[in-house]
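Structure assessment
Okay, here's what each chain looks like letter by letter:
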Amino acid sequence: MIACINSATSLLAGFAIFSVMGYMAFLQGTTVEEVATQGPGLAFVVYPQAIATMPVSPLWAILFFIMLLLLGIDSQFCTVEVIVTTLYDHFHPLIRKYLKRKEVLVLLVCCVSYLLGLPNIAQGGMYFFQLIDFYAAAISLMVIAFFEVVAISWIYGANRLARNIEEMTGNKPWLYFIVCWYGLSPILIGGIMIFGFIQYTPVRYGDYYYPGWGQAIGWVIASLSIICLPIGAIHAMLKEKGGFVERFMASLKSKIPDRGSLTFEPEEFGSYRKEDPTLPPSYNDISRHKGFPSAPPLSPVQESAL
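The model shown is predicted, which means the values in this text are computed figures rather than measured ones.

It is generally the case that most residues other than glycine have a negative phi and that most peptide bonds are trans. Its identity as a non-glycine residue notwithstanding, Val56 has a phi of 50 degrees, on the positive side. Positive phi, normally seen in glycine, also occurs at Lys100, with a value near 70 degrees. With respect to the secondary-structure elements, Lys100 resides in the loop between helix H5 (92-98) and helix H6 (102-117). Relative accessible area serves as the criterion here: at 53%, Lys100 is assigned to the exposed category.

Here you go:
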């Protein structure tokens, strides 16, 4: 259902965008290829020009820019949540010690993001925005997405991920999704990344081509997120023992134990279920399940503390 809604929304957005482009091409007596522009020019140049020629143009202009505002806020919810969750999980003791509350961390992240975004509204902000949009959103995103799907599907294991989903939801994903995780997604994302580098052209905004030092800044912006991949790989290898090959092979193995799919049957817990069927199984009972073959039994004191 989600996939169908996503595809239908994309089709609806395509009709809305290309109808406006066709309308502008008709007014200017040219082709859609001449009217269409990439990046922020489409939303802040082409569309306002088209809206200005429509009946009741102030109303459409207000609705259009309210839509852009809500779209930006909605995107920021996801971005801020990812940053806050990462910082809170990794530096939890320090945050609890100095910031006391998670809301303070959210405020701090929003303030820093606001300060970093101020150059985008300066006099030359559109050029800076185009630089960030081209290198951070187009280049680094594909590289990170490719290695992310490889790490999850091939290193952690798509079958293990399917068992985790079954453990949490009670339903195992369809075979179609497992095939996509194993093969289709890495191939498609890798192909897009490779052809993107083959067809790479230096960034430009309209007729302005960025100088060499400007492109160097763009590659630095892109590398800020990409460089985390080799740094993380080196850190994982340094934590292992042995030679280079042993460290490399050990770093490719997930450290998360594969507990398999949990299906609790009453007969597997013996007298525990017979005493009170409404109570959940204890950890000691679960440890005897086939999904936990190496779990040590707990003492009554430890079990009561759970």
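All right, on to the packing of helix H9 (residues 212-226) against helix H10 (residues 228-238) then. Look at H9 against H10: their axes get within 5 Å of each other, and the N-to-C directions meet at 30 degrees. Taken as axis vectors, H9 and H10 run roughly parallel relative to one another. Contact residues: H9 offers Leu224, Ser225 and Ile226, while H10 offers Cys228, Leu229 and Pro230. Per-class residue counts for the contact of H9 with H10 are 5 nonpolar, 1 polar and no charged.

Direction vectors running N to C along H10 and helix H11 (residues 244-251) enclose 115 degrees, while the axes themselves pass 8 Å from each other. Our classification of the angle between H10 and H11 gives roughly perpendicular. Classified by chirality, the crossing of H11 by H10 is right-handed. Taken together, the residues of H11 that come into contact with H10 (itself represented by Ala236, Met237 and Leu238) are Phe244, Arg247, Phe248 and Ser251. For the contact of H10 with H11, the class distribution of residues is 5 nonpolar, 1 polar and 1 charged.

The subject of this paragraph is helix H4 (residues 57-90). The end-to-end C-alpha separation of H4 is 50 Å, in line with the 50 Å expected for 34 residues at 1.5 Å each. Residues Phe64, Val80, Val84 and Tyr88 constitute the buried set of H4.

So, on to the side chain of Ser153. Turning to its location among the elements, Ser153 is positioned in helix H7 (residues 125-169). From its side chain, Ser153 meets the backbone oxygen of Trp181 in a polar contact 2.7 Å long. Setting aside anything within four residues of it in sequence, one finds Ser153 in contact with Ala158, Trp181 and Tyr182.

The rules behind the values
Here, residues in each chain are numbered from 1, in the same order as that chain's written sequence. It should be noted that, the model being predicted, local features are given only for residues of pLDDT at least 70 and side-chain atom pairs only at 80 or more, the latter also being counted only at that level, while totals for whole chains, interfaces and linings use all residues. Working from all heavy atoms in the structure, the side-chain values ignore hydrogens and water. Think of it this way: any DSSP run of H or I at least four residues long counts as a helix, any run of E at least two long counts as a strand, and we number them from the N terminus. For the exposure calls, accessible area comes from a 1.4 Å probe over protein chains only, and a residue counts as buried if that area is under 20% of its type's maximum, exposed if over 50%, partly exposed in between. All axes here are fitted lines through C-alpha atoms, helices being fitted over the stretch that makes contact, and every angle between N-to-C directions spans 0 to 180 degrees. An angle counts as roughly parallel when it lies under 35 degrees, as roughly antiparallel when it exceeds 145, as roughly perpendicular when it falls between 65 and 115, and as oblique in every other case. We call two residues in contact when some of their heavy atoms are within 4.5 Å. Put simply, Ala, Val, Leu, Ile, Met, Phe, Trp, Tyr, Cys and Pro go in the nonpolar bin, Asp, Glu, Lys and Arg in the charged bin, and everything else, Gly too, in the polar bin. Should the near helix be turned counterclockwise from the far one by less than a right angle, the crossing is left-handed, whereas a clockwise turn marks it as right-handed. Given a helix with a known number of residues, its expected span is that number minus one, times 1.5 Å. Whenever two N or O atoms come within 3.5 Å, that pair is a polar contact, provided that in protein one can donate a hydrogen and the other can accept it, and provided that, for residues adjacent in sequence, both atoms are side-chain atoms.

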